[in-house]
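So the chains spell out like this:
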Amino acid sequence: MTLNPYVPIVGLLILGALFALFSVSIAPIVGPKRYNRAKLEAYECGIEPAPQPIGGGRFPVKFYLTAMLFIIFDIETIFLYPWAVSFEALGLFGFVEMVLFIVTVFIAYTYVWRRGGLNWD
């Protein structure tokens, strides 16, 4: 009788889900219940919170651009891992393709940098 190779992964997922459910459900019971005004207020990096409109304030587009840039460069970095694993099998073709890929990422990075997309004003 052989074990399915996915059984350990499914077991870890179930174990993780059970731990998360246990932690979330037991925290209100065993956690401290000393509430005060400071704990009930919104936390903004130690700065006194500014009053916000009822529907919430508008965020500048800069926040979204920074988040999108992070996601783009993060995903491009993730493409390097499969290439590194199969580097020897790909040979010169894989090396040239990855050099072209990294050059393309570098060109995009310099474009964003020159346009001021990385400045946090």
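Computed from a predicted structure; not experimentally measured.

A.B. asks: I'm lost on the overall build of the chain in this one. Help?
C.D. replies: The helix and strand tally for the chain stands at five helices and zero strands. Each helix (α) and strand (β) of the chain, taken in turn from the N terminus, gives the series α-α-α-α-α. Out of the 121 residues in the chain, the part that is buried amounts to 7%. Of the roughly 11,300 Å² that the chain leaves accessible, carbon and sulfur atoms contribute 73%.

A.B. asks: Any chance you could explain the UniProt feature "transmembrane region" (unreviewed entry) in the chain here in plain terms?
C.D. replies: Here, UniProt's "transmembrane region" (unreviewed entry) annotation points to residues 6–30, 63–84 and 90–112. Across residues 6–30, helical content stands at 96% and strand content at 0%; the span's end C-alpha atoms are separated by 36 Å. Between the C-alpha atoms that bound residues 90–112 the distance is 31 Å, and the span itself is 100% helix and 0% strand.

A.B. asks: What am I meant to see in helix H5 (residues 87–114) here?
C.D. replies: Since there are 3.6 residues in each turn of an α-helix, residues three or four apart along the chain are aligned in direction. The end-to-end C-alpha separation of H5 is 33 Å, well short of the 40 Å expected for 28 residues at 1.5 Å each. Burial in H5 covers these residues: Gly94, Met98, Val105 and Val112. Structurally, H5 contributes buried residues whose contacts are with helix H3 (61–78) and helix H4 (80–85).

A.B. asks: Help me understand the confidence of the model for the chain in this model?
C.D. replies: Caution applies to low-pLDDT parts of the model: their predicted coordinates are not meant to be read in detail. On average, residues of the chain score 83 in pLDDT, and 88% of them reach the 70 mark or higher. Mean pLDDT across the elements of the chain bottoms out in helix H2 (residues 37–40) (75) and peaks in helix H1 (residues 7–30) (95).

A.B. asks: Is there a simple way to think about the environment of Gly94 in this case?
C.D. replies: Position of Gly94 relative to the elements: it lies in helix H5. Take Gly94: its relative accessible area is 6%, and that puts it in the buried class. Residues Gly94 and Ala84, spaced ten residues apart in sequence, show a C-alpha to C-alpha distance of 9.8 Å.

A.B. asks: So what exactly am I meant to see when it comes to a nonpolar patch on the surface here?
C.D. replies: A cluster of nonpolar side chains, namely Phe59, Val61, Phe63, Tyr64, Leu65, Met68, Ile72 and Trp120, defines an oily patch on the protein surface of about 870 Å² accessible area. Residue placement: Trp120 occurs in the segment after H5. Its relative accessible area of 53% is what places Trp120 among the exposed residues.

Conventions and cut-offs
Residues numbered from 1 in each chain as written. Predicted model: local features only at pLDDT ≥ 70, side-chain atom pairs only at ≥ 80, totals over all residues. Heavy atoms only, no water. Helix = DSSP H or I, 4+ residues; strand = E, 2+ residues; numbered from the N terminus. Buried < 20%, exposed > 50% of the residue type's maximum accessible area, 1.4 Å probe, protein only. Areas by Shrake-Rupley, 256 points an atom, 1.4 Å probe, with all protein chains shown as cover. UniProt positions renumbered as here; feature names shortened; annotations may be inferred. Expected span 1.5 Å × (residues − 1). Contact = heavy atoms within 4.5 Å. pLDDT = per-residue confidence, 0-100. Patch = residues over 30% accessible without salt bridge, like charges linked within 9 Å, V, L, I, M, F, W, Y side chains within 5 Å. Salt bridge = Lys/Arg side-chain N within 4 Å of Asp/Glu carboxyl O.

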